[in-house]
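# Inside the fold
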Amino acid sequence: GIDIFIAIFMCKEWPPEQLPGLQGMYYCYLFGIVVPMICGWCWALNGKGGLPRRLLCRLVIWKIVAFAAIFWGYFKILDFQYEWGPFFCQRDKEPHALNAMPTAPNSSFTMEDCERLISTMMIIRPIYFGVIYSFSLRATYHYMRCHPENDGRGICCDSPSYQFEPMKEVDTV
């Protein structure tokens, strides 16, 4: 559900051509994480068999890792601050983000403060979203386990010890 909202918002705030690095980051995030998650959830909830449920677990693991790699890569490792700084921190400069922070030369909240704040937020963001997504992983794992085709199968490898165990004993008549 949240991935659909993210896809809609991203399309509304798509960066312009003057910011090719930010566009690349948006493309990677949308088509590398968001769209596969939407497809994975649809297939797992509507598909037949155990494979869609196992794949959904793998996609959630991928989401945790790729989210961190994309955000840390763009905002810290590749050093595109010259691009994203004005886009996120200057409302009076075109182009700018819909939710750009208000900075002004005479303000106590300067451009450098804004860039430092956004950089810090984007480093911390994958950590707390990783924790949130781990709850999704736990839920998808239990959803995977409750399909009989997944008996003897783990998320990434097979093991005879992985067996479905009902949560409630069934009385025999």
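Going by the structure above, here's the rest.
In what follows, the accompanying structure is described. (Residues numbered from 1 in each chain as written. Predicted model: local features only at pLDDT ≥ 70, side-chain atom pairs only at ≥ 80, totals over all residues. Heavy atoms only, no water.)

### With respect to the overall build of the protein chain
Helix and strand counts for the protein chain stand at 5 helices and 0 strands. Looking at the protein chain as a whole, 39% of its 173 residues are labelled buried. (Helix = DSSP H or I, 4+ residues; strand = E, 2+ residues; numbered from the N terminus. Buried < 20%, exposed > 50% of the residue type's maximum accessible area, 1.4 Å probe, protein only.)

### What about the packing of helix α2 (residues 20–46) against helix α4 (residues 81–89)?
Pairs of packed helices are described in terms of their axes, by the angle between the two and the distance that separates them. Running from N to C, α2 and α4 point in directions that differ by 85 degrees, and their axes come no closer than 8 Å. As far as their axial angle goes, α4 and α2 are roughly perpendicular. Residue-level inspection shows P20, G21, L22 and Y26 of α2 in contact with α4, the latter providing E83, F87 and F88. Residues that form the contact of α2 with α4 fall into these classes: 5 nonpolar, 1 polar and 1 charged. (Axes fitted to C-alpha atoms, helices over the stretch in contact; angles between N-to-C directions. Parallel < 35°, antiparallel > 145°, perpendicular 65-115°, else oblique. Contact = heavy atoms within 4.5 Å. Nonpolar A, V, L, I, M, F, W, Y, C, P; charged D, E, K, R; others polar.)

### Some points on the nonpolar core
L22, M25, Y29, F71, F75, F88 and I118 are the most contacted members of the largest nonpolar core, which has 27 residues in total. Residue contributions to this core peak at 7 residues, all from α2. Among residues more than four places away in sequence, those in contact with Y29 are I6, M10, V34, F67, I70, F71 and Y133. If you look at the next biggest cluster of nonpolar residues, it comprises 9 residues, including M37, L56, M144 and I155. (Core = buried A, V, L, I, M, F, W, Y, C linked by side-chain atoms within 4.5 Å.)

### So, the packing of aromatic side chains
With the rule as written, the count across this model stands at 16 aromatic pairs. Residues F71 and F75 carry aromatic rings whose centres are separated by 6.0 Å and whose planes lie at 25 degrees to one another, so their mutual orientation is stacked. Here F71 pairs with F75, and both are found in helix α3 (residues 51–77), just 4 residues apart, close to one helical turn. According to the relative accessible area criterion, F71 is buried, its value standing at 6%. For F75, a relative accessible area of 4% gives the class buried. Measuring from ring centre to ring centre gives 5.1 Å for Y74 and F80, while their planes differ by 15 degrees; the resulting arrangement is stacked. Members of the aromatic cluster, connected to one another through ring pairs, are Y29, F67, F71, Y74, F75, F80, Y82, W84, Y128, F129 and Y133. When the ring centre of Y143 is taken as reference, the NZ or CZ atom of R53 above it lies at 3.9 Å. The ring of Y133 is capped by K63, whose NZ or CZ atom sits 4.3 Å from the centre of that ring. (Phe/Tyr/Trp six-rings, centres within 6.5 Å; stacked < 30°, edge-to-face > 60°. Lys NZ or Arg CZ within 6 Å of the ring centre and 35° of its normal.)

### Observations regarding the packing of α2 against α3
α3 packs onto α2 with a crossing angle of 165 degrees between their chain directions and a minimal axis gap of 9 Å. Relative to α3, the element α2 is oriented roughly antiparallel. As for the relative orientation of α2 and α3, their crossing is left-handed in sense. When the residues that make up the contact of α2 with α3 are grouped by side-chain class, the tally is 23 nonpolar, 3 polar and 2 charged. (Left-handed = near helix turned anticlockwise from the far one by under 90°.)

### As for the pattern of salt bridges
Scanning all chains against the criterion turns up 2 salt bridges. Between K63 and D3 there is a salt bridge; the shortest N-O distance is 2.9 Å. Remark: D3 occurs in helix α1 (residues 2–12) and K63 occurs in helix α3; sequence separation between them is 60 residues. A relative accessible area of 4% places D3 in the buried class. Notably, a salt bridge pairs R116 with D113, separated by 2.7 Å at the nearest N-O pair. (Salt bridge = Lys/Arg side-chain N within 4 Å of Asp/Glu carboxyl O.)

### Side note on the state of the cysteines
This model, assessed by the stated rule, comprises 0 disulfides. Cysteine C39 is unpaired, with the sulfur of C42 as its nearest cysteine sulfur at 6.7 Å. With a relative accessible area of 48%, C39 lands in the partly exposed category. (Disulfide = S-S within 2.5 Å.)

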